[in-house]
Amino acid sequence: GKFADALPLAERLVALVKGRHAESSLEYAEALHQLATTYFFQSRHTEAEPFYLQVLAIRERALGPGHESVLTVLNTLATLYEFTRRPQLAEPLLKRVLAERERTVGPEHPALANALRSLAEIQSAVQRYGEAETHIRRALALYEKIGGSPVEMVQALGTLAQIELKQGRNVEAERTLQHALSLHDNVAHSGQATLD
């Protein structure tokens, strides 16, 4: 967690790798990724963003648009855009991640649940509640199908409740929150980590 101390090391790594590898190499992209992540975890998102974009461009050229390393950067950029209150930039990235994952693993694969939840949260932020609700309900169905962790279920139910509240559906939101609370209580009583 000593990211301020890590920053000069990450910058030095980029300089060293740049001296040994082409700026289009995966080695250089990995060094840039380390630097971007160091900025990101210091909440220096404006400084992290151009490095992530550079990493994305290199990895897409070298590995192809559907490679897991590319999808990871897309997810991180979407999170960065969400943190910097630019959900309109995050949504197309998350849609792309979801489409690539559906293409490679199919529409019912459990790995899609987190991508669906992230997309629903972004769509709710831009007041596209119908789409958001469709995606969060699909995520919940996948979590239930695979026996997702109670923490993931509670988070997804919380997102659904927020969407219902924003649409003035208070009775439904209350039921959803009661369901989330009962799951949270079950986790707390079983001795697992809670969401506190």
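Scoring rules and cut-offs
- Each chain has its residues counted from 1, running along the sequence as written.
- Residues qualify for local features only when their pLDDT is at least 70, as the model is predicted, and side-chain atom pairs are given and counted only at 80 or more; totals for whole chains, interfaces and linings, by contrast, use all residues.
- Side-chain calculation: all heavy atoms of the structure are included, whereas hydrogens and water are not.
- Secondary structure elements are defined from DSSP: runs of H or I of at least 4 residues count as helices, runs of E of at least 2 residues count as strands, and each element is numbered from the N terminus.
- To estimate how far a helix should extend, the number of its residues minus one is multiplied by 1.5 Å.
- For each residue, the accessible area found with a 1.4 Å probe, counting protein chains only, is set against the maximum for its type, and the residue is called buried under 20%, exposed over 50%, and partly exposed in between.
- Residue contacts follow a heavy-atom distance rule, with two residues in contact if any of their heavy atoms lie within 4.5 Å.
- Structural elements are reduced to axes, namely lines fitted to C-alpha atoms, with helices fitted over the stretch in contact, and the angle between N-to-C directions of any two is expressed from 0 to 180 degrees.
- Small angles under 35 degrees read as roughly parallel and large ones over 145 as roughly antiparallel, with 65 to 115 read as roughly perpendicular and the rest as oblique.
- For any pair of crossing helices, the crossing counts as left-handed if the nearer helix is rotated counterclockwise from the farther one by less than a right angle, and right-handed if it is rotated clockwise.
- When residues are grouped by polarity, Ala, Val, Leu, Ile, Met, Phe, Trp, Tyr, Cys and Pro land in nonpolar, Asp, Glu, Lys and Arg in charged, and all others, Gly among them, in polar.

Visitor: Mind laying out helix H6 (residues 112-125), listing which residues take part and the relevant values?
Guide: The terminal C-alpha atoms of H6 lie 20 Å apart, and with 14 residues this matches the ideal 20 Å at 1.5 Å per residue to within 8%. Of the residues making up H6, those classed as buried are Leu112, Ala113, Ala115, Leu116, Arg117, Leu119, Ala120, Ile122, Gln123 and Ser124. On its buried face, H6 is in contact with helix H4 (68-83), helix H5 (87-105), helix H7 (129-146) and helix H8 (150-166). With its phi angle positive at about 65°, Gln127 sits one or two positions after the end of H6.

Visitor: Can you break down the environment of Asn114 residue by residue, with the values?
Guide: By secondary structure assignment, the location of Asn114 is in helix H6. When the C-alpha positions of Asn114 and Leu98 are compared, they lie 9.5 Å apart, and in sequence the two are 16 residues distant. Apart from residues lying up to four places away in sequence, Asn114 is in contact with Tyr143 and Glu152.

Visitor: Can you lay out the packing of H7 against H8 for me, pointing to particular residues and giving the numbers?
Guide: Two elements in contact, H7 and H8, have axes whose closest approach is 10 Å; the angle formed by their N-to-C orientations is 155°. Put simply, H7 runs roughly antiparallel to H8. Taken as a pair, H7 and H8 cross one another with a handedness that is left-handed. Only Glu152, Met153, Ala156, Leu157, Thr159, Leu160, Ile163, Glu164 and Lys166 of H8 make contact with H7, whose side of the interface consists of Tyr129, Ala132, Glu133, Ile136, Arg137, Leu140, Tyr143 and Glu144. When the residues that make up the contact of H7 with H8 are grouped by side-chain class, the tally is 10 nonpolar, 1 polar and 6 charged.

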